[in-house]
Amino acid sequence: MSRTAIDIDADGEQPPPEDDHAFFGHPKGLLTLSGLEVWERFSFLGMQAILVLYFADTVANEGLGMDPGTAASVAAAYGTLVYLVSVAGGWLADRILGSYRAVLWGGVLIALGHYSMAVPTAAMTWVGLGLISAGTGLLKPNVATMVGKLYATDDDRRDAGFALYYMAINIGAFAGPLITGWLADHRGYHWGFSAAAIGMTFGLLQYVLGRRHLAGRKHSAEFALAPEAMRRAVRLIVLGIVVVGALGALLAGLGRLTMDRFVDLLTLISVIAPVVYFWVMFKSPRVTAEERGRLKPYIVLFLASVVFNFILFQAYSTMILLASTNARTTILGFDFPASWYASALGAFEVALAPVVAGVWARMGHKQPHASNKIAFGVILGGLSFLLMVLPTSGHADDTYQMAAWWIVGSYLLLGLGDVLLETSGMSATSKLAPKAFSSQTMSLWFLSLALANGIQAQTVKLYDDVSKPAYFGVNGAIAVVAGLVVIAMAPWLRRTMHPVH
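Just so you know, these numbers come straight off a predicted model, no measurement behind them.

Caption draft 1: Local environment of the overall build of the protein. Tallying secondary structure elements over the protein gives 17 helices and two strands in all. Against the compact-globule benchmark of 23 Å for 501 residues, the protein has a radius of gyration of 22 Å, which places it among compact chains. Overall size of the protein, expressed as C-alpha extent along the three principal axes, is 65 × 50 × 40 Å. Buried residues in the protein amount to 56% of all 501 residues. Put simply, of all contacts in the protein between residues at least 6 apart along the chain, 82% involve residues at least 24 apart. When the accessible surface of the protein is split by element, carbon and sulfur atoms take 69% of a total near 19,800 Å². Where the 34 positive side-chain charges of the protein centre and where its 32 negative ones centre are 8 Å apart.

In structure tokens:
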């Protein structure tokens, strides 16, 4: 079924009918949303590629002087906070702002955060990370939801559309570390953060200019609160932000809220939040029995996402740290910053996403079930870590230098796994979501990323304490086993995930 088969609102809620096949056989709104994500990922992952190095570098080199394990843990905690806030972002879109305005204001906060990080002081670094966390929480779940609104639920182009969308994400993921990494290496970390700020500004401009091609772009929220309830909610949100900020500052000043305790607190919240959220949706009277039944298999997909993204996010923490100390930064006589390794992941995903999209489009209803695609992604993620056991084994000390191709090969496996899992996962989420929780269910998918980061924030503390073969081998083996378990559950998942095929 194409978008033209869906009722078109007279109030401009849906894009013009001629948009339906205007972008490589997909709705033209996919171009607008993909363009936004190019620049959002350029800024976010460009900054993240140098963030752990900035934390671990010496103060004399404009860094913060953390030891590597702590630097990786704090970077993971930042990722945890980003995706925890996505729950609030989904709720605000559904009840107050609407998807279009939530994405717009999220982008504004992200840009302001990157501009703050461009100021060369530690205090502005933390201010910037806070603004980026809030902005990303508004933007990320709602952009993915807007992509889903471009297609009918049973449109065979849907998975291919999400694959193209994910390819656009990874154009930014490829380009961001190249620019920010070079600037950080040659001009200083804060120059790299400045480039991220400019990139997000470009993303906002093209989003506003292309808004007529978007579905669900009306200003009001789809499930808006009553006016009085909305005013009360806004007052409580503002009051809550002020109280939490003041309490945090007080505890930090008294020495009670240390960085380690803050990381532990975020990990605890990342565990509790999805449990509570699933419980709320299962108990909500606005969720039908049929929708409740589809949430059960979604728990399996949620946990598979946690396992895979636990591996994926370390491409920007432990893998970058390993590359900076034990990998050659020369290929064919060309020297490059260690942070450029992160671009290899984006490059592979850019190259592989259209191939995967083309395969799914050609196969139509014969393509593998979404749960199997996700399982294959988890297994590939595990194999990417198991591969690193080989070059890190058999050395007398930590002064060895592995060939660049080992890390590049690991990122190739990880990139293919990411394309398979994230595109299928986001697409399945938009199909399985209860109607009354549409944006918030996408936020639940991002809570799997928060939990992955929360677990990572604890695990990476072991990076300095255990051997590298043991670290990568155990984590990789766990992921492979988890993927095999999902494959074993495929018959039950196929029965219970209707209308996902």
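The discussion continues.
Caption draft 2: Representation of the packing of aromatic side chains within the structure. What the rule picks out here adds up to 17 aromatic pairs. Ring centres of Phe385 and Phe472 lie 4.9 Å apart, and the angle between their planes is 80 degrees; this geometry places the pair in the edge-to-face category. You can see Phe385 sitting in helix α12 (residues 370-387) and its partner Phe472 sitting in helix α16 (residues 468-488), a full 87 residues away along the chain. Taken as a pair, Phe385 and Phe472 share a single burial class, namely buried. Here the aromatic residues Tyr54, Phe55, Trp126, Tyr189 and Phe193 are joined through ring pairs into a cluster of three or more.

Caption draft 3: Focus on the side chain of Glu40. Looking at where Glu40 falls in the secondary structure, it is placed in helix α1 (residues 29-56). Note on Glu40: relative accessible area 0%, which makes it buried. When neighbours within four sequence positions are excluded, Glu40 is seen to be in contact with Ile110, Thr136, Leu139, Lys140 and Met200.

Caption draft 4: Quick peek at the pattern of salt bridges. By the definition in use, this model includes six salt bridges. Close ionic contact of Glu40 with Arg41 constitutes a salt bridge, the shortest N to O distance being 2.6 Å. This pair shows no difference in class: Glu40 is buried, exactly as Arg41 is. Between Asp264 and Lys461 there is a salt bridge, with its nearest N and O atoms 3.2 Å apart. Of this pair, Asp264 sits in helix α8 (residues 259-283) while Lys461 sits in the loop between α15 (438-459) and α16, placing them 197 residues apart in sequence.

Caption draft 5: Structural view of the side chain of Asp418. Along the polypeptide, Asp418 turns up in helix α14 (residues 404-432). Buried charge without a partner: Asp418 forms no salt bridge, and the closest opposite charge is Arg41, 8.6 Å away. Setting aside anything within four residues of it in sequence, one finds Asp418 in contact with Tyr166, Phe308, Leu312, Glu349 and Thr423.

Each value, and the rule that gives it
- Residues numbered from 1 in each chain as written.
- Predicted model: local features only at pLDDT ≥ 70, side-chain atom pairs only at ≥ 80, totals over all residues.
- Heavy atoms only, no water.
- Helix = DSSP H or I, 4+ residues; strand = E, 2+ residues; numbered from the N terminus.
- Rg over C-alpha atoms; globule rule 2.2 N^0.38 Å.
- Buried < 20%, exposed > 50% of the residue type's maximum accessible area, 1.4 Å probe, protein only.
- Contact = heavy atoms within 4.5 Å.
- Areas by Shrake-Rupley, 256 points an atom, 1.4 Å probe, with all protein chains shown as cover.
- Lys, Arg positive; Asp, Glu negative; His and termini not counted.
- Charge placed at Lys NZ, Arg CZ, Asp CG, Glu CD.
- Phe/Tyr/Trp six-rings, centres within 6.5 Å; stacked < 30°, edge-to-face > 60°.
- Salt bridge = Lys/Arg side-chain N within 4 Å of Asp/Glu carboxyl O.

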